[in-house]
Amino acid sequence: LMIGGFGLIIYGGPLALMITVFVVQVKCFAEIINIGYAVYKMDNLPWFRSLSWYFLVASNYFFYGESLVEQFGVLINNVDFLPFLVRYHRLISFSMYIIGFVWFVLSLVKKYYLRQFSLFAWTHVALLCVVTQSYLIIQNMFQGLIWLIMPVMMVIINDIMAYVFGFFMGRTPLIKLSPKKTWEGFIGGGLATVVMSLGLAYFMCQVPYLICPIEYSAELERMTMSCEPSALFRPQEYGLPDTVTTWRRILGMKETVTFYPFFVHCFFMSLFASIIGPFGGFFASGFKRAFKIKDFGDLIPGHGGIMDRFDCQFLMATFVNVYIHSFINIPTPGKLLQQVFMLRP
C-alpha cells in the first residue's frame with residue numbers, strides 16, 4: 001500500500017514530491033520534539049513549544065529559499081518584489097534566527113535553566129537531522145527523479161530482503177541494539193539489494209521522465225522534465241582485460257560489454273544502502289532505547305511513526321547528495337543560464 005502511494009506521488013510530479021517531503025519533514029520534527037517535551041517535562045512552559053516551531057519555520061525559509069534561488073533564478077527575476085528577497089535572503093534568514101535566539105534568552109526561567117538549554121539543543125539537533133536532510137532530498141530530486149527514487153527503493157528493498165533472509169536463515173545475532181537483526185539477514189539482504197537495484201536501474205534508465213533534470217524553462221514558463229539523455233543514461237561499450245577478451249573471443253562472444261554508466265553509480269549507492277544504511281536504523285533503535293520508548297509515534301498502526309520509517313532514508317539521501325556533488329554534478333545549459341540571470345552588475 002505504501003509503495004503504491006509512493007508511485008502515485010511520483011506520478012504527480014516534482015511539486016507533489018516536494019510537498020510530500022515537506023509534510024514528512026514536519027511530522028518527523030514533531031515526533032522528535034514531542035519526545036523532548038516528554039523527557040524534559042516542559043509541558044508547563046507551552047510558549048517554548050512555539051519557539052521550537054518558530055525555528056523550524058526559520059530553517060525552512062532558509063533552505064527552501066536557497067533551493068528556489070538556485071533552481072528558479074530566471075522566474076524569480078521576472079517578479080517585481082522577489083529579487084529583493086533573493087538579494088537579502090541570507091540576511092533575512094539570519095535575522096529570523098536571531099529573533100528566535102533573543103526570544104529564547106528572554107524566555108529563560110531560573111528553575112528551568114538546564115531543561116530549557118537541553119531542549120534548545122534538542123531542537124537544533126532535530127533541525128539538523130530532519131530539515132537539512134530534507135533540503136538535500138529536494139536537491140537530489142532536481143538532478144532527476146531517478147536520484148530520489150533509486151535511493152528510496154534501495155533502502156526499502158534492503159529492509160524487506162534483510163527481513164526475509166533473517167526470517168528463514170537467521171541464526172547469528174548482528175548487533176545488541178536490534179536483537180532481531182542477524183548476520184544472515186544483513187548479508188543476504190545486502191546482496192539482494194545490489195542485484196535488484198541494478199535490475200530496477202535498467203528499466204528506469206530508459207524512462208526520460210525519471211532521468212532528466214528538473215529545470216525551469218523561460219520559453220515554456222514552467223518546469224520541464226524533457227531532455228536528451230546524458231551519457232550517464234545511454235548504453236556505452238567498454239573494453240575488457242586481455243585475458244577475458246581472449247576467452248570471450250574463443251566462446252564466440254563480443255569482445256566488449258555494453259551497459260549504462262549509471263549502473264556503476266547504482267552499484268556504489270546500493271553498497272551504501274546495504275552496509276551503512278542499516279546503521280541509521282540501529283541509531284534510531286539506540287535512541288529509542290535510551291529514552292525507553294517503543295516508537296517515535298503511532299501514525300502507522302503496527303509500524304510506529306513517520307520517523308521510524310525514514311531513519312535510514314535521511315542518511316541515504318545525504319550520501320546520495322554528497323555522491324552527486326563529488327562524482328556526477330556536471331553543469332547543464334539550463335543551470336548555466338540560471339547562474340547568468342542571477343548575476344548582479
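Details of the structure are given in the entry above.
Focus on the packing of aromatic side chains
For any pair of aromatic rings, the description rests on two quantities: the centre-to-centre distance and the angle between the ring planes.
In step 1: Per the counting criterion, the structure on display carries 30 aromatic pairs.
In step 2: Their ring planes at 40° and their centres at 5.0 Å tell us that Phe63 and Tyr135 sit as a pair that is tilted. Residue Phe63 is found in helix 3 (residues 46-71), and its partner Tyr135 is found in helix 7 (residues 113-142); the two are separated by 72 residues along the sequence. Like Tyr135, Phe63 is buried.
In step 3: Following the ring pairs from residue to residue traces out a cluster consisting of Tyr54, Phe55, Tyr97, Trp103, Phe104, Phe117 and Phe120.

Things to note about the pattern of salt bridges
In step 1: Within the structure shown, the criterion is met by 2 salt bridges.
In step 2: Of the charged contacts, one joins Glu237 and Lys254 as a salt bridge, the two residues approaching to 3.5 Å between their closest N and O atoms. Linking Glu237 in strand 5 (residues 236-239) with Lys254 in the loop between helix 11 (242-250) and strand 6 (256-259), this pair joins segments that are 17 residues apart in sequence.
In step 3: Given the relative accessible area of 47%, Lys254 is considered partly exposed.
In step 4: Measuring nitrogen to oxygen at the nearest pair gives 2.8 Å for the salt bridge that ties Glu255 to Arg249.
In step 5: The class for Glu255 is partly exposed, based on a relative accessible area of 37%.

Observations concerning helix 13 (residues 277-290)
Residues separated by three or four positions in an α-helix point in the same direction, a consequence of the helix having 3.6 residues per turn.
In step 1: The end-to-end C-alpha separation of helix 13 is 21 Å, in line with the 20 Å expected for 14 residues at 1.5 Å each.
In step 2: Taken together, the buried positions of helix 13 are occupied by Gly277, Pro278, Gly280, Gly281, Phe282, Ala284, Ser285 and Lys288.
In step 3: Contacts from the buried residues of helix 13 go to helix 8 (146-169), strand 1 (173-175), strand 2 (178-182), helix 9 (183-204), helix 12 (262-275) and helix 14 (306-328).
In step 4: Lys292 sits one or two residues past helix 13 and shows a positive phi near 55°.

What to know about the state of the cysteines
Between two cysteines, a covalent bond joining their sulfur atoms is known as a disulfide.
In step 1: Counted according to the given criterion, the structure contains 1 disulfide.
In step 2: Across the disulfide from Cys212 sits Cys227; the S-S distance is 2.1 Å. Looking down the S-S bond of the Cys212 and Cys227 bridge, the torsion is -90°, so its handedness is left-handed. Taken together, the residues Cys212 in the loop between helix 10 (208-211) and strand 3 (215-217) and Cys227 in the loop between strand 4 (222-224) and strand 5 connect sequence positions 15 residues apart.
In step 3: In this structure Cys227 comes out as partly exposed when scored by relative accessible area, which is 36%.
In step 4: No disulfide involves Cys266; its sulfur sits 7.8 Å from that of Cys205, the nearest cysteine.

Calculation rules
- Residues numbered from 1 in each chain as written.
- Predicted model: local features only at pLDDT ≥ 70, side-chain atom pairs only at ≥ 80, totals over all residues.
- Heavy atoms only, no water.
- Phe/Tyr/Trp six-rings, centres within 6.5 Å; stacked < 30°, edge-to-face > 60°.
- Helix = DSSP H or I, 4+ residues; strand = E, 2+ residues; numbered from the N terminus.
- Buried < 20%, exposed > 50% of the residue type's maximum accessible area, 1.4 Å probe, protein only.
- Salt bridge = Lys/Arg side-chain N within 4 Å of Asp/Glu carboxyl O.
- Expected span 1.5 Å × (residues − 1).
- Contact = heavy atoms within 4.5 Å.
- Disulfide = S-S within 2.5 Å.

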